[in-house]
Amino acid sequence: MPTTPSPDAARKATTYLPNDTSREDIVDFARTLREIEEYLRRESGGFAELVAPDGGRRAIPPEVFRALEQVVDALANGKGVTVAPYSMLLTTQEAADFLGISRPTLVGLLESGQMEFEKRNRHRKVTLRALVDYQERSRQERRSALVDFTKGGQALSSYFGQERRPTSSPED
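Residues numbered from 1 in each chain as written. Predicted model: local features only at pLDDT ≥ 70, side-chain atom pairs only at ≥ 80, totals over all residues. Heavy atoms only, no water.

Undergrad: Would you mind showing me how to read the overall build of the protein here?
TA: Scanning the protein from N- to C-terminus turns up five helices and seven strands. For the protein, the residues scored as buried account for 18% of the 172 residues in total. In the protein, of all internal contacts separated by at least 6 residues, the share reaching a separation of at least 24 is 59%. Roughly 13,500 Å² of accessible area belongs to the protein as shown, and the carbon and sulfur atoms make up 52% of that amount. (Helix = DSSP H or I, 4+ residues; strand = E, 2+ residues; numbered from the N terminus. Buried < 20%, exposed > 50% of the residue type's maximum accessible area, 1.4 Å probe, protein only. Contact = heavy atoms within 4.5 Å. Areas by Shrake-Rupley, 256 points an atom, 1.4 Å probe, with all protein chains shown as cover.)

Undergrad: Quick question: what am I supposed to make of the sheet that holds strand E7 (residues 123-127) here?
TA: Strand pairs in the sheet, formed through backbone hydrogen bonds, run parallel or antiparallel to each other. Judged by pairing direction, the sheet is antiparallel, and its three strands sit side by side in the order E5-E7-E6 without closing on themselves. Looking at which strands have only one partner, the edges of the open sheet turn out to be strand E5 (89-91) and strand E6 (118-120). The average angle at which neighbouring strand axes cross in this sheet is 45°, direction not considered. The sheet contact formed by E6 and E7 spans three bridges and is antiparallel. Counted as the bridge partner of Arg120 is His123 from E7. Contacts from helix H3 (residues 92-99) reach E5 and E7, with the element oriented near 95° to E5. (Pairing = 2+ DSSP bridges. Axes fitted to C-alpha atoms, helices over the stretch in contact; angles between N-to-C directions.)

Undergrad: Would you take a moment to explain the pattern of salt bridges for this structure?
TA: Where charged atoms from two side chains of opposite charge approach closely, those side chains can pair. Scanning all chains against the criterion turns up seven salt bridges. Arg31 is the salt-bridge partner of Asp28, the closest N and O atoms lying 3.5 Å from each other. Of this pair, Asp28 and Arg31 both sit in helix H1 (residues 23-42), three residues apart, which is roughly one turn of that helix. What makes Asp28 partly exposed here is its relative accessible area of 42%. (Salt bridge = Lys/Arg side-chain N within 4 Å of Asp/Glu carboxyl O.)

Undergrad: Would you explain the pairing of E7 in this entry?
TA: Consecutive residues of a regular strand have side chains that alternate between opposite faces of the sheet. As paired strands, E5 and E7 are joined by three bridges and run antiparallel to one another. Bridge pairing in E7 places Leu89 opposite Thr127. Between E6 and E7, which pair antiparallel in sequence order, lie two residues; one of them, Asn121, sits at a positive phi of approximately 60°.

Dropping the structure here:
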C-alpha cells in the first residue's frame, strides 16, 4: 500500500548521489528523456506520460518533466542533487554558501533589508525562497547595469569616433 510522506519529510532537503552500479542505467534514462523532449518539441501540445502498472496514464506537467530532466542529467554526469522545498530554512552559513559569499557579507545583506529573514532566538534563518529571490534580483540588476554600460560605451564610441576622424590622410 502506498504511503504518503509525512509533513516533516516535505520540509527537509534530500540529497541524491549516483552510485557506480546504477550509473549506466541513469545515463540511458537521461538519453531517453532527451529523446522524449525532442519529440515533444516537434509535437506541439504533447505531454510525456507516466504509465501505472495497471495501465493507467497520467500526464507529466512540464515543470515536473524539466525538474526530472535536470536531476537525471546531473546524476548521469556523476553529480549529486539536493531537492529542497522553497520554504526550507537555512542557517546564515548555509545561505552564504548557497550564494557563494562570506557569512559576514550575507549578514550585512540581511541587516540592510536586502533579503528577508527570520530571527529565532538569536539566530537568523533564511528561506530558500528569499535566497532565490535575491539571486534573481541581483541577476536582473547586473543585466540592467550591463545594458546601461554598453549603451554608454556605444555613445562614447560614436562621440569619439566622430571627433577623432582625421580630416586628411597623413600622406597629404
